[in-house]
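Chain by chain, the residues run as shown.
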Amino acid sequence: MTLSDLLTAYADGGGTLTGDALRRSVQEVWPLMLMETRNRVLSTEADSGPGRTVIECFSAMVEAASETGGSLRSETLGQWSRTYQESGRTREEALRLILRQYLGETGLLYRGWPA
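Predicted model, so just to flag it, every value in this text is computed and none were measured.

**Some thoughts on the overall build of the protein chain**
- Of the regular secondary structure elements, the protein chain holds four helices and two strands.
- Of the regular secondary structure in the protein chain, the N- to C-terminal order runs α-α-α-β-β-α.
- Across the 115 residues of the protein chain, 30% fall into the buried class.
- When contacts within the protein chain are restricted to residue pairs at least 6 apart in sequence, long-range pairs at least 24 apart make up 67% of them.
- Summed over all atoms, the accessible surface of the protein chain reaches about 7400 Å², with 51% contributed by carbon and sulfur.

**A few points about helix H2 (residues 19-37)**
- Helix length check: H2 (19 residues) gives 26 Å between terminal C-alpha atoms against 27 Å at 1.5 Å per residue, within 8%.
- Along H2, the helix axis deviates most sharply at Val 26, where the bend reaches about 30 degrees.
- Of the residues trailing H2, Arg 38 is marked for its positive phi of about 55 degrees.

**Description of the nonpolar core**
- Grouped together as the largest cluster of nonpolar side chains are 27 residues, with contacts concentrated most on Leu 6, Trp 30, Met 33, Val 54, Phe 58, Met 61 and Val 62.
- Elements with a contribution of two residues or more to this core: helix H1 (3-12), H2, helix H3 (49-66) and helix H4 (91-103).
- If sequence neighbours within four positions are ignored, Met 33 has contacts with Leu 6, Val 41, Val 54, Cys 57, Phe 58, Met 61 and Leu 99.

**Digging into the packing of H3 against H4**
- Two elements in contact, H3 and H4, have axes whose closest approach is 9 Å; the angle formed by their N-to-C orientations is 160 degrees. By the angle between their directions, the pair H3 and H4 is classed as roughly antiparallel. The crossing of H3 and H4 is right-handed. From H3, Thr 53, Val 54, Glu 56, Cys 57, Ala 60, Met 61, Ala 64, Ala 65 and Ser 66 reach across to H4, where they touch Arg 91, Leu 95, Ile 98, Leu 99, Tyr 102 and Leu 103.
- Taken together, the residues that form the contact of H3 with H4 break down as 11 nonpolar, two polar and two charged.

**Concerning the packing of H2 against H3**
- Interaxial distance between H2 and H3 falls to 9 Å at its minimum, and their mutual angle equals 130 degrees. Classified by the angle their axes make, H2 and H3 are oblique. The two elements H2 and H3 meet at a crossing, and its hand is right-handed. Together, Leu 22, Ser 25, Val 26, Glu 28, Val 29, Trp 30, Leu 32 and Met 33 of H2 and Val 54, Cys 57, Phe 58, Met 61, Val 62, Ala 65 and Ser 66 of H3 make up the contact between the two elements.
- Residues belonging to the contact of H2 with H3 are distributed by class as follows: 12 nonpolar, two polar and one charged.

Rules behind the numbers
- Residues numbered from 1 in each chain as written.
- Predicted model: local features only at pLDDT ≥ 70, side-chain atom pairs only at ≥ 80, totals over all residues.
- Heavy atoms only, no water.
- Helix = DSSP H or I, 4+ residues; strand = E, 2+ residues; numbered from the N terminus.
- Buried < 20%, exposed > 50% of the residue type's maximum accessible area, 1.4 Å probe, protein only.
- Contact = heavy atoms within 4.5 Å.
- Areas by Shrake-Rupley, 256 points an atom, 1.4 Å probe, with all protein chains shown as cover.
- Expected span 1.5 Å × (residues − 1).
- Bend = angle between axes of the 7 residues up to and from the residue.
- Core = buried A, V, L, I, M, F, W, Y, C linked by side-chain atoms within 4.5 Å.
- Axes fitted to C-alpha atoms, helices over the stretch in contact; angles between N-to-C directions.
- Parallel < 35°, antiparallel > 145°, perpendicular 65-115°, else oblique.
- Left-handed = near helix turned anticlockwise from the far one by under 90°.
- Nonpolar A, V, L, I, M, F, W, Y, C, P; charged D, E, K, R; others polar.

Following this line, the structure appears as structure tokens:
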């Protein structure tokens with residue numbers, strides 16, 4: 001499965017990000033997904049069970065990467081201001097957690113001896 005396949009599936013699945021926001025998220029998500037799966041994601045077919053899971057994982061990671069990084073704690077209208085409370089996790093940790101939740105049972109994250 002290529003990045004182009006994943007982007008098409010993301011858009012077809014109702015993905016909300018477009019343009020620069022999507023590009024920034026993908027630049028963060030795709031290398032992490034390749035690294036953590038040791039490029040196994042590239043040999044996954046889109047219409048297989050693991051392929052559908054990869055698409056769901058990619059979509060969830062792209063959406064998470066576009067978020068600001070913490071939950072909104074306060075917002076002021078006069079002289080516009082926003083304050084976020086950090087969740088205690090870095091964005092990369094949050095993305096890795098999503099990756100493990102979706103792909104943990106697929107074998108794509110296997111780190112043992114090659115079969």
